[in-house]
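Spelled out from the first residue to the last, the chains are:
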Amino acid sequence: MSEVKQQFWYTEEHEWVQRTENGTVRIGITDFAQHQLGDIVFVELPGEGATIEQGAEIGTIESVKTVSDLFAPVTGTVLKVNEALESTPELVNESPYEKGWMIEVEIGEDVEEALSKLLSADQYEQLTANE
């Protein structure tokens, strides 16, 4: 069974969102998603300063099985990109919630309002139980 973190928010496309201490959010793909993809060999992400819009494609993840699109769970500006993924994309498999995070974003609207549009951990567990 895949790990689902209780203090995170999720999307139906299997991205997670974690609120950080400085009012930004950190984004990655879920443990469920990395299991489905298999061994990840390449991650393409937006650059720092890029504006992302909720629901829009923001990059791709390539595994030995397939290439999948990444979608923005929130609207905002990319402040940080996990540069370790350029040389070590397998961090997403090894540690999807810690070392395998992808981008940090400053949300363009009220953080609580943005997060309220996402799935809770319990809702995400129900979603993945059916897949």
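For clarity, every value in this text was computed on a predicted model and none was experimentally measured.

The rules behind each value
- Residues numbered from 1 in each chain as written.
- Predicted model: local features only at pLDDT ≥ 70, side-chain atom pairs only at ≥ 80, totals over all residues.
- Heavy atoms only, no water.
- UniProt positions renumbered as here; feature names shortened; annotations may be inferred.
- Helix = DSSP H or I, 4+ residues; strand = E, 2+ residues; numbered from the N terminus.
- Buried < 20%, exposed > 50% of the residue type's maximum accessible area, 1.4 Å probe, protein only.
- Polar contact = N/O pair within 3.5 Å; in protein donor to acceptor, adjacent residues only side chain to side chain.
- Contact = heavy atoms within 4.5 Å.
- Pairing = 2+ DSSP bridges.
- Axes fitted to C-alpha atoms, helices over the stretch in contact; angles between N-to-C directions.
- Patch = residues over 30% accessible without salt bridge, like charges linked within 9 Å, V, L, I, M, F, W, Y side chains within 5 Å.
- Areas by Shrake-Rupley, 256 points an atom, 1.4 Å probe, with all protein chains shown as cover.
- Salt bridge = Lys/Arg side-chain N within 4 Å of Asp/Glu carboxyl O.

Undergrad: For this particular structure, what's the right way to read the UniProt feature "modified residue: N6-lipoyllysine" (unreviewed entry) in the chain?
TA: Summarizing the sequence annotation, UniProt attributes the feature "modified residue: N6-lipoyllysine" (unreviewed entry) to K65 in the numbering used throughout. Mapping K65 onto the fold places it in the loop between strand 6 (57–63) and strand 7 (67–71). A residue is classified by how much of its surface remains accessible, and K65, at 58% relative accessible area, is exposed. A distance of 3.3 Å separates the side chain of K65 from the backbone oxygen of Q36, its partner in a polar contact.

Undergrad: How do you make sense of the environment of E106 when you look at a structure like this?
TA: Within the secondary structure, E106 is located in strand 9 (residues 103–107). Take E106: its relative accessible area is 44%, and that puts it in the partly exposed class. The sequence separation of E106 and V92 amounts to 14 residues, and the corresponding C-alpha distance is 22 Å. In this structure, E106 is in contact with T24, T75, G76, T77 and L79, ignoring residues within four places of it in sequence.

Undergrad: It is not clear to me how the sheet that holds strand 4 (residues 40–44) should be interpreted in this structure. Could you clarify?
TA: Where strands meet in a sheet, backbone hydrogen bonds hold them as pairs that are either parallel or antiparallel. Read across the sheet, three strands follow the order 4-6-7 without closing on themselves; strand pairing throughout is antiparallel. The strands lining the two open edges of the sheet, one partner per strand, are strand 4 and strand 7. Within the sheet, the average angular offset between the axes of one strand and its neighbour, ignoring direction, is 25°. Sheet analysis places strand 6 next to strand 7, joined by five bridges and oriented antiparallel. Bridged to I61 within strand 7 is S68.

Undergrad: Could you clarify how one ought to interpret the side chain of Q34 in this entry?
TA: Examined against the element boundaries, Q34 turns out to sit in helix 1 (residues 31–37). According to the relative accessible area criterion, Q34 is buried, its value standing at 5%. Within polar-contact distance, the side chain of Q34 engages the side chain of D31 at 2.8 Å. Aside from chain neighbours lying at most four places away, what touches Q34 is I29, I40, V92, N93 and P96.

Undergrad: Sorry, what's going on with a nonpolar patch on the surface here?
TA: Side chains of V41, F42 and V64 sit close together on the surface and give an oily, nonpolar patch of about 280 Å² of accessible area. Structurally, the position occupied by F42 is in strand 4. Judged by its relative accessible area of 42%, F42 falls in the partly exposed class.

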